[in-house]
Amino acid sequence: MKQTAFITGATSGIGKATAEIFAKNNIRLVLCGRRADRLKALQTSLCKLTDVITLEFDVSKRTEVKTAIDSLPENFKQIDILINNAGNAHGLSTLQDGDLDDWDAMIDINVKGLLYVSKAIIPQMTERNKGFIVNIGSIAAKEVYPNGNVYCASKHAVNALNKAMRIDLHKHNIRVAAIHPGAVETEFSEVRFKGDIEKAANVYKGYKALQAEDIADIIHFVITRPYHVNIEDLVVYSTAQASATILNKQ
Ligand code: NDP
Ligand code: 8X3
């Protein structure tokens, strides 16, 4: 029987690339995000390869999450693979100069959003004693770098929740994995710098950054190991990066 994956943040970057590799490998897809036009476009291109449905909701809005997941048609209610990927950084400044709305957004989306989606999907996994949850953390989940403060805190929380899921769910035969990328060239920096394209582009200049497809490929590797194998935690850098702050820029 074909597996079904539920991917948050499928409209861009890592989530979109994951949807594409999953579709090529015959995995049925529930694609989520707030931008309906992008969800539609992705559905139109991937439905040639696999069954695809889309859910437009904001992960940080509790009732939206529940209503969207409850609305899944009967033949899409069994989720075999949950990819908790939706997330972003908002701003890059010292704590004393931080913007409270940015802090709320990062904590609400990266932490509470991941929890709301997981809480809605886990019960059908524990009931079946089967499932896979992949949490997209970050090198910011492992290190705190200058001006990263609240984003790093939100990703440290993802790291903690990944461990908590392992502890709580392994007895239900559910696999849980976290992938922690260094810099990946996506829309991430455009969001962090609030649409300042030039500032965002600078982040990826002077070296070959990871691409969304590199992470998608690793996610696909992780979910296709034999069922008794659980890769719990992976840090992935480009060859040019050695820590959150050490980059071999030319
Ligand atoms: P992108 O900005 O390209 O993609 C972010 C995705 O998250 C979009 O699809 C966006 O969809 C979705 N999203 C954001 N906020 C919400 C929300 N409130 N509700 C629902 N969906 C939301 O960035 P990446 O692909 O790079 O980021 C994916 C994940 O990888 C994030 O968790 C990020 O923290 C993490 N990461 C990124 C790294 C990088 O350097 N790029 C490195 C390490 C980790 P929409 O706007 O349509 O809602
Ligand atoms: C994204 C990578 O180093 O900008 O999580 O925090 S970094």
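What this report covers is the structure whose coordinates are included nearby. (Residues numbered from 1 in each chain as written. Chains lettered and ligands numbered in written order. Predicted model: local features only at pLDDT ≥ 70, side-chain atom pairs only at ≥ 80, totals over all residues. Heavy atoms only, no water.)

Here the focus is the pattern of salt bridges. Two side chains with opposite charge may pair up if their charged atoms get near one another. Taken as a whole, this structure holds eleven salt bridges when the rule is applied. Across the salt bridge formed by Lys112 and Asp108, the nearest N and O atoms sit 3.3 Å from each other. Taken together, the positions of Lys112 and Asp108, both in helix H4 (residues 100-128) and four residues apart, correspond to about one turn of that helix. Residue classification places Lys112 among the partly exposed positions, given a relative accessible area of 34%. One salt bridge connects Asp233 with Lys142, and the closest N-O pair in it is separated by 2.6 Å. Linking Asp233 in strand E9 (residues 233-236) with Lys142 in the loop between strand E5 (132-136) and helix H5 (149-169), this pair joins segments that are 91 residues apart in sequence. (Salt bridge = Lys/Arg side-chain N within 4 Å of Asp/Glu carboxyl O. Helix = DSSP H or I, 4+ residues; strand = E, 2+ residues; numbered from the N terminus. Buried < 20%, exposed > 50% of the residue type's maximum accessible area, 1.4 Å probe, protein only.)

So, about the pairing of E5. Within E5, five of the five residues are buried, leaving the element largely enclosed by the surrounding structure. Here E5 shows a buried face lined by Phe132, Val134 and Ile136 and a second buried face lined by Ile133 and Asn135. Taken together, the four bridges between strand E4 (residues 81-84) and E5 define a ladder with parallel strand orientation. The residue of E5 that forms the bridge with Leu82 is Ile133. Between the parallel elements E4 and E5, the chain passes through H4 in a crossover that is right-handed. Sheet topology places E5 next to strand E6 (residues 175-181); five bridges connect them, and they run parallel. Opposite Val134, over in E6, you have Ala177 as the bridge partner. (Pairing = 2+ DSSP bridges. Right-handed = clockwise from strand over helix to strand, strands pointing away.)

Another point: the packing of helix H3 (residues 62-70) against H4. Between H3 and H4, whose axes approach to 9 Å, the crossing angle comes to 30 degrees. Between H3 and H4, the angle is such that the two are roughly parallel. For the pair H3 and H4, the crossing hand works out as right-handed. Within the contact between the two elements, H3 uses Arg62, Val65 and Ile69 and H4 uses Tyr116, Val117, Ala120 and Ile121. (Axes fitted to C-alpha atoms, helices over the stretch in contact; angles between N-to-C directions. Parallel < 35°, antiparallel > 145°, perpendicular 65-115°, else oblique. Left-handed = near helix turned anticlockwise from the far one by under 90°. Contact = heavy atoms within 4.5 Å.)

Running from N to C, H4 and H5 point in directions that differ by 15 degrees, and their axes come no closer than 9 Å. The angle between H4 and H5 falls in the class roughly parallel. The handedness of the crossing between H4 and H5 comes out as right-handed. Packed against H4, whose contacting residues are Trp103, Met106, Ile107, Asn110, Val111, Leu114, Leu115, Ser118, Ile122 and Thr126, the element H5 presents Val150, Tyr151, Ser154, Lys155, Ala157, Val158, Leu161, Met165 and Leu169 at the interface.

Around ligand 1 sit 29 residues, and of these Thr11, Ser12, Arg34, Tyr151 and Thr186 come closest. At 2.8 Å, a side-chain N or O of Asp58 approaches a nitrogen atom of ligand 1. For ligand 1, an oxygen atom lies 3.5 Å from a polar atom in the backbone of Gly87. Protein burial of ligand 1: of its 870 Å² of free accessible surface, 97% is covered by the chains. Elements represented by at least two residues in the shell around ligand 1 include exactly helix H1 (13-24) and H5. Each residue belonging to the shell around ligand 1 can be placed in one class, and the counts come to twelve nonpolar, twelve polar and five charged. (Near = heavy atom within 4 Å. Polar contact = N/O pair within 3.5 Å; in protein donor to acceptor, adjacent residues only side chain to side chain. Areas by Shrake-Rupley, 256 points an atom, 1.4 Å probe, with all protein chains shown as cover. Nonpolar A, V, L, I, M, F, W, Y, C, P; charged D, E, K, R; others polar.)

Ring pairs (aromatic) are described by centroid distance and by the angle formed between their planes. In total, this model carries one aromatic pair according to the counting rule given. Lying over the aromatic face of Phe76, Arg28 brings its terminal NZ or CZ to 4.1 Å of the ring centre. Its guanidinium or amino end placed over the ring of Tyr227, Arg175 lies 4.4 Å from that ring's centre, counting from NZ or CZ. (Phe/Tyr/Trp six-rings, centres within 6.5 Å; stacked < 30°, edge-to-face > 60°. Lys NZ or Arg CZ within 6 Å of the ring centre and 35° of its normal.)

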